[in-house]
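Coordinate analysis (summary)
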Amino acid sequence: MAKTCDEIDNAASGLTNTERVRSIFASIAPGYDAFNAVASFGIDRLWRRNLVRGAGLTPASAVLDLAAGTGDLSLALAKQGRPASVLGTDFSPEMLEVAARKGAAYDGPTALRFEVQDAQALTLQDTAFDVVTVAFGVRNFPDRAANFREVLRVLKPGGRYVVLEFSRPPFAPFRALYHFYLNVGIPLIGGMLTRDRASFVYLNRSIRCFPAQEALAEELRAAGFREVSWRNLTFGVVAIHTAVK
Ligand SMILES: C[S@@+](CC[C@H](N)C(=O)[O-])C[C@H]1O[C@@H](n2cnc3c(N)ncnc32)[C@H](O)[C@@H]1O
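The structure contained in this document is the topic of the report that follows.

1. What to know about the overall build of the protein chain
Helix and strand content of the protein chain: 10 helices and 7 strands. Relative to a compact globule of 245 residues, whose C-alpha radius of gyration would be 18 Å, the protein chain shows 17 Å and is just as compact. Counting over 245 residues, the protein chain shows a buried share of 52%. Looking at the protein chain alone, contacts between residues at least 24 apart form 72% of all its contacts between residues at least 6 apart. Charge-centre separation for the protein chain: the mean point of 28 positive side chains lies 6 Å from the mean point of 24 negative side chains.

2. Overview of a positive patch on the surface
Together, Arg45, Arg49, Arg53, Lys79 and Arg231 line one region of the surface with positive charge. Tallying contributions element by element places helix H4 (residues 43-54) first for the positive patch, with 3 residues. In this structure, Arg49 sits in helix H4.

3. Quick look at the pairing of strand S3 (residues 111-116)
The pairing of strand S2 (residues 85-90) with S3 spans 6 bridges and is parallel. Across the sheet, residue Thr89 finds its bridge partner in S3, namely Glu115.

4. Brief notes about the site of the ligand
Taken together, 19 residues form the shell around the ligand, and within it Tyr32, Ala67, Asp90, Ala119 and Ala135 come nearest. Here an oxygen atom of the ligand sits 2.6 Å away from a polar atom, N or O, in the side chain of Asp90. Here a nitrogen atom of the ligand and a backbone polar atom of Ala119 are 2.8 Å apart. Here the ligand, which alone exposes 600 Å², has 99% of that area covered by the protein. Those elements that provide at least two residues to the shell around the ligand are helix H2 (17-28) and helix H3 (32-39).

5. Here's the deal with the sheet that holds strand S6 (residues 226-233)
Across a sheet, paired strands are connected by hydrogen bonds in the backbone, their directions being either parallel or antiparallel. Taken together, 7 strands build an open sheet; the order of strands is S3-S2-S1-S4-S5-S7-S6 and the sheet is mixed. Either end of the sheet is taken by a strand with one partner, and the two such strands are S3 and S6. For this sheet the average axis-to-axis angle between neighbouring strands, irrespective of direction, equals 15°. When S6 meets strand S7 (residues 238-244), the two strands line up antiparallel, connected through 6 bridges. Looking across to S7, one finds that Leu233 is bridged to Val238. Along the sheet, helix H10 (residues 213-223) makes contact with strand S5 (155-166), S6 and S7, crossing S6 at roughly 155°.

Cut-offs used in this document
Residues numbered from 1 in each chain as written. Predicted model: local features only at pLDDT ≥ 70, side-chain atom pairs only at ≥ 80, totals over all residues. Heavy atoms only, no water. Helix = DSSP H or I, 4+ residues; strand = E, 2+ residues; numbered from the N terminus. Rg over C-alpha atoms; globule rule 2.2 N^0.38 Å. Buried < 20%, exposed > 50% of the residue type's maximum accessible area, 1.4 Å probe, protein only. Contact = heavy atoms within 4.5 Å. Lys, Arg positive; Asp, Glu negative; His and termini not counted. Charge placed at Lys NZ, Arg CZ, Asp CG, Glu CD. Patch = residues over 30% accessible without salt bridge, like charges linked within 9 Å, V, L, I, M, F, W, Y side chains within 5 Å. Areas by Shrake-Rupley, 256 points an atom, 1.4 Å probe, with all protein chains shown as cover. Salt bridge = Lys/Arg side-chain N within 4 Å of Asp/Glu carboxyl O. Pairing = 2+ DSSP bridges. Near = heavy atom within 4 Å. Polar contact = N/O pair within 3.5 Å; in protein donor to acceptor, adjacent residues only side chain to side chain. Axes fitted to C-alpha atoms, helices over the stretch in contact; angles between N-to-C directions.

What follows is the structure, encoded as structure tokens:
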């Protein structure tokens with residue numbers, strides 16, 4: 001039987017997936033923002049802004065941002081969405097250190113803070129949040145079902161899970177070009193900016209192995225979310241899925 005993407009990656013590294021992902025982000029944390037800006041040609045900011053616009057925030061919203069990394073989405077949520085609070089979480093203290101530095105310069109109405117949390121096993125109260133967000137995190141969770149269970153637990157009834165993630169461009173010639181860029185361009189740029197080419201080979205694979213739009217929507221429905229929908233951005237390079245508890 002053909003090996004899954006995870007089996008191939010684990011065999012290559014000798015580490016479990018969770019440990020491996022954590023060590024990858026610990027190692028690339030200092031160069032992560034520069035890599036993002038260069039590799040996405042700056043479009044990643046527009047993608048996050050799009051998520052904030054569609055998240056249905058009000059000044060009373062309590063927001064949980066999962067896999068917040070260096071904090072760009074948490075900050076965009078605070079600055080552009082202006083909800084009551086944003087709790088940015090990640091399981092990598094190294095990534096959150098960068099987020100906390102950037103967050104210290106934020107001076108707006110939203111209560112913004114960062115906290116170490118594993119998105120698959122949150123130590124947060126039931127029904128505490130109106131909106132849960134995640135940008136470029138879900139594809140790194142080895143157990144997505146566990147994450148979906150946790151999000152359903154911490155969301156209020158009627159609350160929304162908004163997921164921004166790399167996806168599958170539907171137009172085949174564009175997809176071929178994009179996959180060539182993933183295979184060749186991403187490890188090259190990542191290697192130059194962080195001196196850690198191997199991590200970007202992993203990241204490329206994690207993008208290629210992630211379920212396409214409809215398959216992710218089906219996983220969310222199967223987990224118990226309703227009114228699942230998605231929007232493609234940049235010809236389907238990324239998609240924003242929205243799911244209601
Ligand atoms: C590609 S970065 C995305 C960061 C940020 N959301 C952004 O938009 O730039 C993925 C992040 O997911 C985090 N991550 C991966 N698995 C996780 C888990 N199980 N729990 C919490 N964070 C996780 C990594 O530490 C990393 O910071």
